[in-house]
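Residue-level listing of the chains:
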Amino acid sequence: MSDNPQKLSGNEIRNSFLNFFAQRGHQTLPSASLVPEDPTVLLTIAGMLPFKPIFLGQRTPDFKRATTSQKCIRTNDIENVGRTKRHHTFFEMLGNFSFGDYFKEQAIAWGWEISTQVFGLPPERLVVSVFEDDDEAYNIWRDQIGVPAARIKRMGEDDNFWVSGPTGPCGPCSEIYYDFHPERGDENIDLEDDTRFIEFYNLVFMQYNRDASGNLTPLQNKNIDTGMGLERMAQILQQVPNNYETDLILPIIHTAAQIAGIDYHSSDEKTKVSLKVIGDHVRSVVQMIADEIRASNVGRGYILRRLIRRVVRHGRLIGITSEFINQVAETAISLSESAYPNVRQREAAIKAELQREESNFLKTLDRGEKLLEEIIQQVKQQRKTHISGESAFTLYDTFGFPLELTQEIAEENQLTVDEAGFNAEMQKQVERAKAAHETIDLTVQGSLDKLAEHIHATEFIGYTQPAATANVEAILIDGISQEEAEAGAEIQIVLNQTPFYAESGGQIGDRGYISGDGVVVRVEDVKKESDFFIHFGRIERGTIRVGDAVTAQIDRACRRRAQANHTATHLLQAALKKIVDEGISQAGSLVSFDRLRFDFNCPRALTPAEVEQVEEQVNTWIAEAHAANVEVLPLDEAKARGAVAMFGEKYGEEVRVIDFPSVSMELCGGTHVSNTAEIGIFKIISEAGVASGVRRIEAVSGPGILDYLNVRDKVVKDLSDRFKVKPEELPERITTLQTELRNSEKQLATLKSQLAIAKSDSLLQTVESVGEYQILVAQMADVDPESLKTAAERLLQKIGNGAVVLGSVPEEGKVSIVAAFSAEVNKKGLQAGKFVGAIAKICGGGGGGRPNLAQAGGRDASKLPEALAKAHSDLLSALS
């Protein structure tokens, strides 16, 4: 074998890995969405995450072996992206998994075979690590595989023992490293030396369960979880200095460089870092939007927005001043569409979201530049030589203004930036981010996980049965397993079967009762954890015990309301697609007993006419009495028929299809009416924007309409009684009152202004002469901001060449300050806007305006005399 490995493309590496394990009895599965089922993490951050319920024993797999290429995103060390050879936010993890089938010996043998025979890595360039106490793995590597003992390194628990959390499945792991410099010999091998070694394949031997005391007990079914980083293997096989220069990322970098008019390879290190960040982040944002994540200020939407903004910022750093992200996104889409066809299918949505976010952020960057100008002026006025780290971080965090750009502009103004202070603020943010953690917790509701080994998944029978007999499988109080519970206790119950629908797909859980021999439990909510339905309730009387036979009965009235609202949601989406835009897709929903909420992707507000047409269309379909056709179909067949998938839902090989022929067909596990006529009537309450490019409709249907009308009827009757008019006369009466109120407010404003002018005339006797200038600084009692400004302008007219600064406390907790300067004062370098803004900070506020007239506010009225004294001394100093 030659000393150099095969030179394969990224796509060839991926296909070779999947084919290798498919030929060895592994089920090849598509990548799961970046939006995980697991509620403990925002994004899919590891190749094994989709199999978490299987590893916990909460779900029985349909196969014993699987292989995947899983899309992953991690942002906990985002600042290292582009600066190291191998840090990424988006990466692909190639994995092979065994669920109670083969174990350590076979996993190691195949790991070595694919590395050396399929990918052609020379054995003399490979080093392996094992857990320090794992003699079994050590012996397999040495005696069966033939790896020299000097190239097998025993590592401690921190490096080579995988844990899912404080408790739960765990086990030793073994890693395969590629050696870039085997000529350095086998003595004193340090696997932490990333200039020599790169870890590319991790084999996790999940063989123990750790309890709360830290004790390890062997698992009945041992599992294998492996991960090979695609980008890392591409770096090795393509013989490039870092992951970024592989064919997975470099074309994106070249596109960005071409837009900037530069060459990547001849650029300095700082420019290369920016190009690498763009190359990495664009892959992330394309895949996130393809998986229906929308930019927002919370959760995974915030992560998406932050990544987009970093792309734009780094574009600015390399000289790109206009919109460009969609050009590099097109390259990313072209590179990944063969492996992930949905990126091309969602191309329009991806580019629309990116364009909208980039355009908005460029405006934000412009505001940041203006703020930096103000900061520089303040620093110079205070005769300082540096911009504080706190100010620089505010620019970075709030406006996305890169530190490097702040430093560059500061240098042009003969200033420096407190980089240590900036780093201190950054560290605080990092600690906050780490507190939110990005680790996989396989201990969901710890006690329930322990019980998972002894109880079976809950069977849901609620589509056809509103009541059923069942056995109590588990009782928990505050997440702790109990054998029994008495009246008054707030508990969680797991049954072997249930008619209660668990919260899912936007629909809330059923309400009802669980009753038995002398016991009654009021069920207020039902949630699903993996395959267990958790009934949350309160024991109203009696004692309930594990093993009891009980009757579970849903509240049928609540169920009927939920069914009506859920079906109405399907009809609403169909009407929006028909009337507004066929491309509309769901971005979230809520189906409760009293109302429904539907969020959808749309770049504009609906017109009143469109809202009316949508409502009318839904009611037409209701009146036409369309019968529901409910089927369970293979997923591919359902999609081929045109069924619409619901936002955020994960689907198995078979799916439930809710079809109202010629109206709506969706994949949905929720409860629905059997005929649209059962809904009765549908009413849209509101239509509004909730985020950039996302609209929300709130509506009521069925029995909820009566509740809605009763509330409004009560309000109308109350208003009619108060105004002494008939309901139909209310609009005219309110219009008349509004007109009268506006006239009164104008008269009041005029009187206040006249009063302020009258009061201000008495201040003329306090005018001071400073050379050729006249200055007047005073506090006026109880004068509103507008009148205070009028008074300042009038006083300046009277004194002529000079400056007037007035302050007032118009109401509790509110300070108003006005500065009016003549043109001659402006020529002395004093500008009213900057002057009054600095003074207002003493009162805990700020503000600004034109050079000749400006207004500011504050919150601390007790500091107003101090602020005015400061204004007086500053004017004397500047004008003397």
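Residues numbered from 1 in each chain as written. Predicted model: local features only at pLDDT ≥ 70, side-chain atom pairs only at ≥ 80, totals over all residues. Heavy atoms only, no water.

Right, let's get into the overall build of the chain. Each helix and strand in the chain was counted, giving 25 helices and 35 strands. Out of the 880 residues in the chain, the part that is buried amounts to 50%. Across the chain, contacts joining residues at least 24 apart in sequence account for 67% of those joining residues at least 6 apart. For the chain, the exposed area adds up to about 39500 Å²; of that, 47% sits on carbon and sulfur atoms. If you average the places of the 95 positive and of the 126 negative side-chain charges in the chain, the two averages end up 6 Å apart. (Helix = DSSP H or I, 4+ residues; strand = E, 2+ residues; numbered from the N terminus. Buried < 20%, exposed > 50% of the residue type's maximum accessible area, 1.4 Å probe, protein only. Contact = heavy atoms within 4.5 Å. Areas by Shrake-Rupley, 256 points an atom, 1.4 Å probe, with all protein chains shown as cover. Lys, Arg positive; Asp, Glu negative; His and termini not counted. Charge placed at Lys NZ, Arg CZ, Asp CG, Glu CD.)

So, on to the packing of helix α7 (residues 250–260) against helix α10 (residues 325–336). How two helices pack is summed up by the angle between their axes together with the distance between the axes. Relative to each other, α7 and α10 sit at 160°, their axes nearing to 9 Å. Looking at the two axes, α7 sits roughly antiparallel to α10. For the element pair α7 and α10, the recorded crossing hand is right-handed. Contacts from P251, I252, T255, A256 and I259 in α7 reach Q327, V328, T331, A332 and L335 in α10. Taken together, the residues of the contact of α7 with α10 sort by class into seven nonpolar, three polar and no charged. (Axes fitted to C-alpha atoms, helices over the stretch in contact; angles between N-to-C directions. Parallel < 35°, antiparallel > 145°, perpendicular 65-115°, else oblique. Left-handed = near helix turned anticlockwise from the far one by under 90°. Nonpolar A, V, L, I, M, F, W, Y, C, P; charged D, E, K, R; others polar.)

Of the strand pairs in this sheet, strand β3 (residues 90–99) and strand β9 (residues 216–229) are connected by five bridges, and their pairing is antiparallel. Its bridge partner lying in β9, M93 is registered against G229. Inspection of the sheet shows strand β8 (residues 197–210) paired to β9 by nine bridges, in the antiparallel sense. Bridging across to β9, L203 finds its partner in T226. The turn linking β8 back onto β9 is made up of five residues, and G214 within it adopts a positive phi angle of 90°. (Pairing = 2+ DSSP bridges.)

With that out of the way, let us pick up the pairing of strand β31 (residues 773–780). Across three bridges, the pairing between strand β30 (residues 768–770) and β31 is antiparallel. In the sheet register, V770 faces β31, and the bridge partner there is Y773. The turn linking β30 back onto β31 is made up of two residues, and G771 within it adopts a positive phi angle of 65°. Inspection of the sheet shows β31 paired to strand β32 (residues 802–811) by seven bridges, in the parallel sense. Counterpart to I775 in the pairing with β32 is A803.

This part covers the packing of aromatic side chains. Centre-to-centre distance and the angle between the planes together describe a pair of aromatic rings. Summed over the entire model, instances satisfying the criterion amount to 19 aromatic pairs. Between F460 and Y501, the aromatic rings sit 6.1 Å apart at their centres with planes inclined by 70°, giving edge-to-face as the arrangement. Here F460 is found in strand β12 (residues 459–460), whereas its partner Y501 is found in the loop between β17 (497–498) and β18 (512–515), with 41 residues between them in sequence. The class for Y501 is buried, based on a relative accessible area of 5%. (Phe/Tyr/Trp six-rings, centres within 6.5 Å; stacked < 30°, edge-to-face > 60°.)

Residues other than glycine seldom take positive phi values, yet N188 does so here, at roughly 55°. Note that N188 resides in the loop between β7 (168–179) and β8. For N188, a relative accessible area of 74% puts it in the exposed group. Positioned with a positive phi, Q239 is a non-glycine residue whose angle comes to about 55°. Here Q239 is to be found in the loop between α6 (230–238) and α7.

Time to look at the sheet that holds strand β27 (residues 664–667). As a general point, the strands of a sheet are linked pairwise by backbone hydrogen bonds and lie either parallel or antiparallel. On the basis of which strands lie adjacent, the open sheet formed by three strands has the order β25-β26-β27 and antiparallel pairing. What marks the edges here is a single partner per strand, and that holds for β25 (629–634) and β27. Shown here is a sheet whose adjacent strand axes are inclined to one another by a mean of 25°, direction ignored. Where β25 lies against strand β26 (residues 654–660), six bridges are found, and the strand directions are antiparallel. Bridging from a neighbouring strand, N629 pairs with D659 of β26.

Let's shift gears to the sheet that holds strand β29 (residues 694–701). Taken together, four strands build an open sheet; the order of strands is β23-β24-β29-β28 and the sheet is antiparallel. Only two strands of the sheet have a single partner each, and these edge strands are β23 (586–591) and β28 (682–691). The mean inter-strand angle of the sheet, taken between neighbouring strand axes irrespective of direction, is 15°. Inspection of the sheet shows β23 paired to strand β24 (residues 596–601) by five bridges, in the antiparallel sense. Counterpart to Q586 in the pairing with β24 is F600. Against the sheet, helix α17 (residues 556–579) contacts β23, β24, β28 and β29, and its axis sits at roughly 25° relative to β24.

Moving on, we come to the nonpolar core. F119, W141 and F200 are the most contacted members of the largest nonpolar core, which has 85 residues in total. Formed by 28 residues, the second largest nonpolar core is a distinct cluster that contains F600, C602, W621 and F660. (Core = buried A, V, L, I, M, F, W, Y, C linked by side-chain atoms within 4.5 Å.)

As a further point, take a negative patch on the surface. A contiguous patch of negative charge on the surface is contributed by D158, D159, D190, E192 and D194. Turning to its location among the elements, D158 is positioned in helix α5 (residues 157–160). Classification of D158 by relative accessible area gives exposed; the value is 82%. (Patch = residues over 30% accessible without salt bridge, like charges linked within 9 Å, V, L, I, M, F, W, Y side chains within 5 Å. Salt bridge = Lys/Arg side-chain N within 4 Å of Asp/Glu carboxyl O.)

Now for the environment of I73. In this structure, I73 sits in strand β2 (residues 65–73). Residues I73 and V285 lie 212 residues apart in sequence; the distance between their C-alpha atoms is 9.8 Å. In contact with I73, not counting residues within four places along its chain, are L34, L43, T44, I45, T89, F90, S284 and M288.

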